[in-house]
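Topology and contacts: notes
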There are 2 protein chains.
Amino acid sequence: MKFLTTLGTFLTSIVFLNACGSNLTAQSAIESDVCLNESYDEKIERLGITNEKYLSTASKRALAWPDRNNNWYGQFRVRDLKGDFAYEKGVTRRDPSSVLYEDGLYHTWYSRSVGPSKGFTDNFDDKTWPWDYTDVWHATSKDGITWKEHKAAVERGKAGEFDDRSVFTPEVFKHEDTYYLVYQTVKSPYIQRVKNQVGISSSSSPWGPWKKHPEPILSPADNGQWLGDDPHNRFSVINKGDFDSHKVHDPYLTFFNGKFHLYYKGEQMGWEITFGGREIRHGVATSDSPFGPFTKSPFNPISNSGHEVAIWHYDGGIGSLITTDGPERNTVQWAKDGVNFEILANIKSAPHAMGLLRKNDNSKQPFKIFDWGLTHKYQNKDYQYIQRFDGSQPKRSKTSATYKLKCAD
Amino acid sequence: MKFLTTLGTFLTSIVFLNACGSNLTAQSAIESDVCLNESYDEKIERLGITNEKYLSTASKRALAWPDRNNNWYGQFRVRDLKGDFAYEKGVTRRDPSSVLYEDGLYHTWYSRSVGPSKGFTDNFDDKTWPWDYTDVWHATSKDGITWKEHKAAVERGKAGEFDDRSVFTPEVFKHEDTYYLVYQTVKSPYIQRVKNQVGISSSSSPWGPWKKHPEPILSPADNGQWLGDDPHNRFSVINKGDFDSHKVHDPYLTFFNGKFHLYYKGEQMGWEITFGGREIRHGVATSDSPFGPFTKSPFNPISNSGHEVAIWHYDGGIGSLITTDGPERNTVQWAKDGVNFEILANIKSAPHAMGLLRKNDNSKQPFKIFDWGLTHKYQNKDYQYIQRFDGSQPKRSKTSATYKLKCAD
């Protein structure tokens with residue numbers, strides 16, 4: 001191991017000795033200038049490799065990791081909320097949207113339904129899952145802890161309309177004084193094989209009234225083929241089609257690089273369980289208007305893992321939190337162009353169905369977007385309720401004098 | 001997308017239609033012959049890539065994944081136990097060893113201590129953590145649910161001995177009619193900077209009596225240098241030394257390729273928080289005798305991530321579950337030579353401090369080793385208790401006629 005004995009190091013160590021000899025005060029280990037630009041030798045040393053002539057396979061993988069700093073490494077707690085967001089038996093509130101902060105109030109929109117679920121049965125009128133027979137509701141809070149439910153912002157359509165069965169899993173987007181809600185829609189019957197769509201409504205105020213756009217703005221690809229006619233078998237296929245041949249979920253609308261971007265989760269007909277679990281990928285579609293027509297990116301899918309979409313603006317690009325499914329689950333990713341995502345951090349876990357605090361978009365501070373936001377919890381299979389998550393970055397006592405990670409930027 | 005229209009496919013689809021048109025019976029998606037040997041085109045299709053002329057960065061990463069089957073993808077539940085393993089206020093039982101099955105009884109060994117912990121303080125006699133002032137105890141069960149605690153198998157040594165402060169985090173190994181317990185040892189004072197060691201005791205019966213070997217069999221590397229003299233600052237270093245310069249934890253003894261192998265977790269002086277969290281790596285040392293001398297492998301470290309050691313024998317090699325810390329957390333790994341580990345699966349999460357069921361070593365069935373075993377749970381920072389985990393593999397309804405993953409072997 002290297003033994004640094006230069007005078008400079010000696011002097012530095014003296015300074016640190018006096019400054020922090022017995023300093024146990026926790027400081028953030030994630031400093032804004034903590035980054036990595038190690039030489040190969042420095043990497044060997046930091047990785048604790050005992051003999052660089054004998055590299056284990058795992059050490060070789062470690063040596064091949066790209067230079068990444070620790071700016072985006074963090075963790076989450078979750079907690080119950082108060083008021084109308086406390087758990088209420090008989091009612092499901094779930095899949096909260098982003099949180100907007102307007103005139104001293106926090107606003108969110110979410111799926112709300114009542115009554116138990118039966119799964120897919122022979123009676124197509126049965127409530128299938130907690131997000132069936134759902135409307136999009138609106139709630140506000142002064143402090144982000146106690147929430148007051150108001151009313152439905154978007155309700156299911158009339159019989160025969162594309163959104164007549166359920167409207168759910170909303171996201172909100174404010175652009176130039178107009179508010180948009182995008183959400184999943186299902187047209188009866190709600191069978192396993194149903195292909196949902198994405199609808200949009202708009203308003204000049206977060207309080208509504210919300211005007212529905214008459215047509216869906218996104219639909220699944222139509223290049224898969226079912227095998228057989230079992231309405232509840234999603235795995236029997238002649239061919240699978242694209243990553244979004246079955247479902248377009250978790251729509252997220254934003255404006256980026258001069259165009260409206262609609263990020264979403266795709267589900268593929270006949271998806272497999274692989275070495276990394278369930279196959280789930282994200283896609284993006286763009287348009288000059290929030291009402292479409294939206295053109296799916298030829299680069300789709302833009303993730304190879306993930307579940308609910310959690311997107312934010314950072315450093316002129318788009319951040320994305322990949323959770324739950326696939327080999328890249330639990331990674332923080334970022335794409336300068338909003339399409340080609342690189343991994344910034346591998347975290348332990350993350351809350352599901354996160355609604356991020358939109359006022360933390362474009363923060364210069366990494367991880368600020370995760371300061372707090374909303375998520376949901378399963379009380380049981382029938383009823384879920386909205387919780388709050390709080391993100392943080394680990395603390396550690398003062399680093400050594402000589403092993404301060406050097407800045408790459 | 002490819003459109004398979006051959007007669008063979010048509011006939012196959014007819015057979016499957018009749019056989020499973022409305023078959024919702026869940027079957028194991030993880031079949032023993034499910035494996036992967038896809039062509040590039042088949043991979044493009046399965047990954048749902050919409051235009052292979054426009055590959056997103058995430059799709060390129062997916063296309064570069066090695067061919068892996070889903071044999072080792074699985075999940076875990078945990079549950080409370082009964083009898084003496086129910087939570088007991090004032091007592092900590094944690095870090096259970098592997099479970100041996102002998103004469104109709106399950107046996108395990110574990111850390112047991114009493115009273116609350118204070119962390120590292122100025123009074124070096126204070127109990128620091130739940131594994132301080134600990135002895136190794138023994139319990140048995142007929143059914144793996146209700147456990148009966150017996151007595152201490154290994155107790156702390158006399159004042160001045162290398163194990164006088166605490167003996168904890170045991171593992172058990174039976175070899176040719178002799179039973180071995182390996183465990184962490186600490187010699188007073190238990191300061192943050194203390195370098196623990198590994199001790200070993202042996203017996204001709206799981207019931208004891210256990211004979212202590214007078215010397216430790218493993219120690220941390222001595223090539224790190226502390227900076228300053230704060231006994232509780234583990235991060236202030238002049239140089240870090242090897243991956244195991246501070247601690248050698250979670251010892252696991254087994255016999256493989258004609259030698260005794262001691263797997264362990266290393267902790268490095270001055271470890272960093274990186275893009276993947278805390279730096280933790282595993283090592284292995286070998287010997288012709290269980291009592292040593294053990295020679296650390298020149299290939300150490302043999303993992304680049306992980307925490308507690310969970311090792312088993314499979315298919316002539318060694319399996320290892322990497323959890324908790326580092327970019328490769330939550331991966332199932334395997335090494336034909338016990339040193340060079342490849343990733344077999346990326347799972348969602350795993351229980352901590354797992355004690356595996358040793359009778360499931362050398363099973364031909366993947367994931368069998370995780371059928372059930374022991375783990376622990378934090379009731380609070382002072383008291384932990386032993387739980388049971390149950391591993392399983394996800395179920396899915398019958399796969400399609402044509403998209404059955406093809407066998408690589």
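Broken down by element type, chain A carries three helices and 28 strands. Here chain A holds 409 residues, and the buried ones make up 64% of them. In chain A, of all internal contacts separated by at least 6 residues, the share reaching a separation of at least 24 is 57%. Element-wise, carbon and sulfur atoms account for 52% of the exposed surface of chain A, whose accessible area totals about 16000 Å².

Our next topic: the sheet that holds strand 22 (residues 317-322) of chain A. All names here are of chain A. One open sheet holds the four strands; their spatial order is 21-22-23-24, and the pairing between them is antiparallel. Where the open sheet ends on each side, the last strands, each with one partner, are strand 21 (311-314) and strand 24 (342-346). If you compare each strand with its neighbour and ignore which way they point, the axes differ by 30° on average.

Residue and element names in this part refer to chain B. Cis geometry marks the peptide bond from glycine 208 to proline 209; its omega dihedral reads 0°. The peptide bond linking asparagine 300 to proline 301 adopts the cis configuration, its omega dihedral lying at 0°. Within the secondary structure, proline 301 sits in the loop between strand 20 (295-296) and strand 21 (311-314). A positive phi angle, close to 70°, is found at phenylalanine 367, a residue other than glycine.

Further remarks concern the confidence of the model for chain A. Residues and elements named next belong to chain A. Per-residue confidence for chain A averages 89 on the pLDDT scale, and 88% of its residues sit at or above 70. In this model, residues 1-35 is a region of pLDDT below 50 whose contacts with residues beyond four sequence positions or in other chains number 64 contacts. Here residues 397-409 scores under 50 on pLDDT; set against residues more than four positions off or in separate chains, the count is 48 contacts. The ipTM value of the predicted complex is 0.90, and its pTM value is 0.90.

As a further point, take the pairing of strand 4 (residues 91-94) of chain B. All names here are of chain B. Side chains of strand 4 alternate between two faces, with Val91 and Arg93 and Thr92 and Arg94 buried alike. Bridge analysis of strand 4 against strand 6 (residues 105-114) gives four bridges, and the strand direction is antiparallel. In the sheet register, valine 91 faces strand 6, and the bridge partner there is valine 114.

Let's shift gears to helix 3 (residues 57-64) of chain A. In terms of burial, helix 3 of chain A is largely enclosed, as six of its eight residues are buried. Within helix 3 of chain A, the full set of buried residues consists of Thr57, Ala58, Ser59, Arg61, Ala62 and Leu63 of chain A. For helix 3 of chain A, the secondary structure elements touched by its buried residues are helix 2 (40-46) of chain A together with strand 23 (331-335) and strand 24 (342-346) of chain B.

Another point: the pairing of strand 23 of chain B. Residue and element names in this part refer to chain B. The buried fraction of strand 23 is high, at five of five residues. The sheet contact formed by strand 22 (residues 317-322) and strand 23 spans five bridges and is antiparallel. Following the sheet pairing, isoleucine 322 is matched in strand 23 by threonine 331. Judged from the four bridges that link them, strand 23 and strand 24 form a sheet pairing that is antiparallel. Note on strand 24: the bridge partner recorded for glutamine 333 is isoleucine 343.

Moving on, we come to the environment of asparagine 304 of chain A. Its location among the elements puts asparagine 304 of chain A in the loop between strand 20 (295-296) and strand 21. You can call asparagine 304 of chain A buried: its relative accessible area is 7%. Note: C-alpha distance between asparagine 304 of chain A and valine 182 of chain A (122 residues apart in sequence) is 23 Å. Not counting chain neighbours up to four residues away, the residues in contact with asparagine 304 of chain A comprise Ile280, Arg281 and Glu328 of chain A together with Ala58, Arg61, Ala62 and Trp65 of chain B. A distance of 2.8 Å separates the side chain of asparagine 304 of chain A from the side chain of serine 305 of chain A, its partner in a polar contact. A distance of 3.1 Å separates polar atoms of two side chains, one belonging to asparagine 304 of chain A and the other to glutamate 328 of chain A.

On to the pattern of salt bridges. Applying the stated criterion across every chain yields a total of 54 salt bridges over all chains. Ionic pairing is found between arginine 46 of chain A and glutamate 279 of chain B, a salt bridge with its closest N-O pair at 2.6 Å. Within this pair, whereas arginine 46 of chain A is found in helix 2, its partner glutamate 279 of chain B is found in the loop between strand 18 (277-278) and strand 19 (281-287), the two belonging to separate chains. Between glutamate 328 of chain A and arginine 61 of chain B there is a salt bridge, and its shortest N-O distance comes to 2.6 Å.

Here we take up the sheet that holds strand 25 (residues 355-356) of chain A. Taken in spatial order, the four strands line up as 2-27-26-25 (chain A) in an open sheet, and their pairing is antiparallel. Two strands bound the open sheet, and with one partner strand each, they are strand 2 (75-80) and strand 25 of chain A.

Residues and elements named next belong to chain B. In this structure, leucine 356 sits in strand 25 (residues 355-356). By relative accessible area, leucine 356 is classed as buried at 1%. Spatially, the C-alpha atom of leucine 356 lies 22 Å from that of threonine 185, the residues being 171 residues apart in sequence. The residues contacting leucine 356, other than those within four sequence positions of it, are Ser98, Val99, Ala310, Ile311, Trp312, Ile369, Phe370 and Phe389.

This paragraph deals with the packing of aromatic side chains. One pass over the full model with this rule turns up 50 aromatic pairs over all chains. Ring pairing ties together the aromatic residues Trp72, Phe76, Trp312, Tyr314, Phe367, Phe370 and Phe389 of chain A, which thus form one cluster. Here arginine 68 of chain B stacks its cationic end above the ring of phenylalanine 275 of chain A, 4.6 Å away from the centre of that ring. It is lysine 359 of chain B that lies over the ring of tyrosine 101 of chain B; its NZ or CZ is 5.6 Å from the centre.

Here the focus is the side chain of threonine 169 of chain B. Residues and elements named next belong to chain B. Following the sequence through the fold, threonine 169 ends up in strand 9 (residues 166-175). A relative accessible area of 8% places threonine 169 in the buried class. Those residues in contact with threonine 169, other than ones at most four positions away along the chain, are Asp95, Ser111, Val182, Tyr183, Gln184, Asp250 and Pro251.

Here the focus is the side chain of aspartate 126 of chain B. Residue and element names in this part refer to chain B. Assignment of secondary structure puts aspartate 126 in the loop between strand 6 and strand 7 (135-141). The buried category is assigned to aspartate 126, whose relative accessible area is 15%. Residues within four places of aspartate 126 in sequence aside, it is in contact with Lys118, Thr121, Asp132, Tyr133 and Arg165.

Right, let's get into the environment of leucine 100 of chain A. Residue and element names in this part refer to chain A. Here leucine 100 is to be found in strand 5 (residues 100-102). In this structure, the C-alpha to C-alpha distance between leucine 100 and lysine 212, residues 112 residues apart in sequence, is 20 Å. Not counting residues within four places of it along the chain, the set of residues in contact with leucine 100 comprises Leu105, Tyr106, His107, Trp109, Val172, Lys174, Tyr179 and Arg358.

The rules behind each value
Residues numbered from 1 in each chain as written. Chains lettered and ligands numbered in written order. Predicted model: local features only at pLDDT ≥ 70, side-chain atom pairs only at ≥ 80, totals over all residues. Heavy atoms only, no water. Helix = DSSP H or I, 4+ residues; strand = E, 2+ residues; numbered from the N terminus. Buried < 20%, exposed > 50% of the residue type's maximum accessible area, 1.4 Å probe, protein only. Contact = heavy atoms within 4.5 Å. Areas by Shrake-Rupley, 256 points an atom, 1.4 Å probe, with all protein chains shown as cover. Pairing = 2+ DSSP bridges. Axes fitted to C-alpha atoms, helices over the stretch in contact; angles between N-to-C directions. pLDDT = per-residue confidence, 0-100. Polar contact = N/O pair within 3.5 Å; in protein donor to acceptor, adjacent residues only side chain to side chain. Salt bridge = Lys/Arg side-chain N within 4 Å of Asp/Glu carboxyl O. Phe/Tyr/Trp six-rings, centres within 6.5 Å; stacked < 30°, edge-to-face > 60°. Lys NZ or Arg CZ within 6 Å of the ring centre and 35° of its normal.

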